Amino acid sequence: MKMKEFEGYTYREGGVCAAKGFRANGLNCGLVEDKAKNDLALLVSDVICNTAAVYTQNKVKGAPIIVTKRHLEATGQKARAVIANCKNANTCNADGEQKAERMAELAADELGIRPEEIIVASTGVIGQILPIEPIESHIKELKEGLSYEGNGEAAGAIMTTDTVKKEVAVSFTLDGETCTLGGMAKGSGMIHPNMATTLNFITTDANISVPMLQKALSEVTKITYNCLSIDGDTSTNDMVCVMANGFAKNTEITGENEDYEVFKQALYIVMMNMTKMLAKDGEGATKLIECTVSGAKDWDTAIAVAKSVICSSLFKCMIFGEDANWGRVACAIGYADAEFDIGKMDVDIASTKGIIPFCKNGAGLEFSEELAKTVLSEDEIIVNVSLNEGGASATAWGCDLTYDYVKINGDYRS
């Protein structure tokens with residue numbers, strides 16, 4: 001996936017270890033039978049971090065979510081480390097919170113810090129008891145393997161049905177100091193825009209206060225992860241956490257000044273790119289879909305329309321079949337939870353092979369079926385919708401709905 005360039009920001013290797021002062025590791029502790037697949041990750045800052053988080057809105061919440069929220073409340077949103085596992089979500093279990101707290105205790109004992117300074121995350125099958133013994137027996141090895149280059153091992157450990165690791169990092173300047181912000185994400189299915197989506201861990205060496213860090217995360221989440229849908233299901237274990245250790249030594253950001261906007265843009269670049277990676281790696285997906293709505297009277301209208309298109313199962317099937325049945329786009333726009341004049345709507349679909357205008361002022365246009373088939377044959381498809389009523393715009397991301405999606409989820413536990 002080609003990443004869009006942004007002036008003043010430079011892409012870096014290193015994911016969550018790109019920022020100064022962060023180490024990571026991942027290994028196979030035995031939760032996953034395939035010994036070549038990491039299933040346990042540890043991410044640690046050299047010092048305590050200001051931390052912000054957003055969580056799933058599903059009423060059923062995994063025990064790690066409950067424990068992490070409790071820890072951050074106890075510390076005033078400060079954290080030193082993240083411990084995370086795949087294969088088992090530790091959700092809907094009578095001993096779930098006890099097991100999540102035990103994971104924090106194990107990590108804290110090895111690191112010589114308080115359990116409350118640990119963020120806990122799990123992903124995988126819901127409703128199965130999490131065996132704690134494999135984690136207990138491998139926590140020392142996990143800690144001893146921590147490295148400032150260990151991001152890849154950690155990113156691999158949080159993958160479930162993902163086919164690729166998802167890591168992004170950028171460097172930028174604040175107050176004359178070079179700062180870096182990087183992240184890792186996992187997710188392929190059970191993803192729907194209702195914050196959050198999946199597991200996402202972001203680190204930065206920028207110096208920013210807790211309130212401004214939380215504000216930036218909440219604002220950027222709305223236009224990135226909350227504009228992503230794979231299958232219409234909101235997971236029980238989703239969280240996004242951002243840890244800032246201040247190692248860049250810029251003047252602390254405590255208000256909505258120019259430095260705050262620079263920082264928020266860096267956060268947007270990383271989260272937007274990881275959102276697109278999540279969409280492109282949707283379970284069974286063959287195509288990344290991007291829908292941009294412009295000309296809306298306000299931001300919320302633009303977001304609602306873009307998400308409505310991306311969430312349409314019929315539209316997803318249309319893209320998979322490379323069928324120029326653009327009426328499915330119009331249908332999805334029409335039931336969006338927003339008010340606008342459908343008679344002003346323009347729609348086109350594009351890829352690297354060209355652009356096809358399908359609709360002008362709410363009415364269909366003649367088009368070449370042959371060219372449309374060529375345009376839709378690419379693996380990244382862009383839908384442009386103009387409402388022609390104002391200056392607001394928004395983008396949402398998703399993927400096609402394929403035969404393989406059903407196969408993957410038909411035997412997910414095996």
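Okay, so let's go over this structure. On a predicted model such as this, the values are computed, not experimentally measured, just so you know.

**Re the overall build of the chain**
Step number 1: In terms of regular secondary structure, the chain is built from 11 helices and 16 strands.
Step number 2: What you see for the chain is a C-alpha radius of gyration of 22 Å, in line with the 22 Å of a compact globule of 414 residues.
Step number 3: The principal-axis extent of the C-alpha atoms belonging to the chain is close to 70 × 50 × 35 Å.
Step number 4: In the chain, which comprises 414 residues, the share counted as buried stands at 58%.
Step number 5: Sequence-distant contacts in the chain: of pairs separated by 6 or more residues, those separated by 24 or more amount to 81%.
Step number 6: Counting only carbon and sulfur atoms, one obtains 49% of the accessible surface of the chain, whose full area is about 16200 Å².
Step number 7: The positive charge centre, built from 39 side chains, and the negative charge centre, built from 58, are 2 Å apart in the chain.

**A closer look at the state of the cysteines**
Step number 1: Considering all chains together, one arrives at zero disulfides under this definition.
Step number 2: Cysteine Cys17 is unpaired, with the sulfur of Cys49 as its nearest cysteine sulfur at 12 Å.
Step number 3: Using a relative accessible area of 9% as the deciding quantity, one classes Cys17 as buried.
Step number 4: Cysteine Cys241 is unpaired, with the sulfur of Cys49 as its nearest cysteine sulfur at 11 Å.
Step number 5: Cys241 gets classed as buried once you look at its relative accessible area, which sits at 1%.

**Thoughts on helix α7 (residues 299-311)**
Step number 1: With 13 residues, α7 ought to run about 18 Å at 1.5 Å a step, and its terminal C-alpha atoms sit 18 Å apart, in line with that.
Step number 2: Along α7, the residues that are buried comprise Thr301, Ala302, Ile303, Val305, Ala306, Ser308, Val309 and Ile310.
Step number 3: Where α7 is buried, its residues touch α5 (210-223), β9 (228-229), β11 (288-296), α8 (313-320), α9 (327-334) and β16 (392-399).
Step number 4: Where α7 begins, one side-chain oxygen reaches toward the backbone nitrogen of Asp300, 3.3 Å away; that side chain belongs to Asp298.

**Re the pattern of salt bridges**
Step number 1: For the coordinates displayed, the defined rule picks out 18 salt bridges.
Step number 2: Taking the shortest distance from any N to any O, the salt bridge between Arg70 and Glu97 comes out at 3.0 Å. With Arg70 in helix α1 (residues 63-75) and Glu97 in helix α2 (residues 96-111), this residue pair connects regions lying 27 residues apart in the sequence.
Step number 3: Look at Arg70 and you get partly exposed, because its relative accessible area is 34%.
Step number 4: Taking relative accessible area as the criterion, Glu97 reaches 32% and is therefore assigned partly exposed.
Step number 5: Put simply, Glu105 and Arg102 hold a salt bridge, and the shortest N to O gap is 3.6 Å. Residue Glu105 and its partner Arg102 are located together in helix α2, separated by three residues, close to a single helical turn.
Step number 6: Counted as one network, the salt bridges with shared partners bring together Lys215, Glu219, Glu256, Glu261 and Lys264.

Parameters at a glance
Residues numbered from 1 in each chain as written. Predicted model: local features only at pLDDT ≥ 70, side-chain atom pairs only at ≥ 80, totals over all residues. Heavy atoms only, no water. Helix = DSSP H or I, 4+ residues; strand = E, 2+ residues; numbered from the N terminus. Rg over C-alpha atoms; globule rule 2.2 N^0.38 Å. Buried < 20%, exposed > 50% of the residue type's maximum accessible area, 1.4 Å probe, protein only. Contact = heavy atoms within 4.5 Å. Areas by Shrake-Rupley, 256 points an atom, 1.4 Å probe, with all protein chains shown as cover. Lys, Arg positive; Asp, Glu negative; His and termini not counted. Charge placed at Lys NZ, Arg CZ, Asp CG, Glu CD. Disulfide = S-S within 2.5 Å. Expected span 1.5 Å × (residues − 1). Polar contact = N/O pair within 3.5 Å; in protein donor to acceptor, adjacent residues only side chain to side chain. Salt bridge = Lys/Arg side-chain N within 4 Å of Asp/Glu carboxyl O.

Function-wise, these values are silent; they only describe arrangement.
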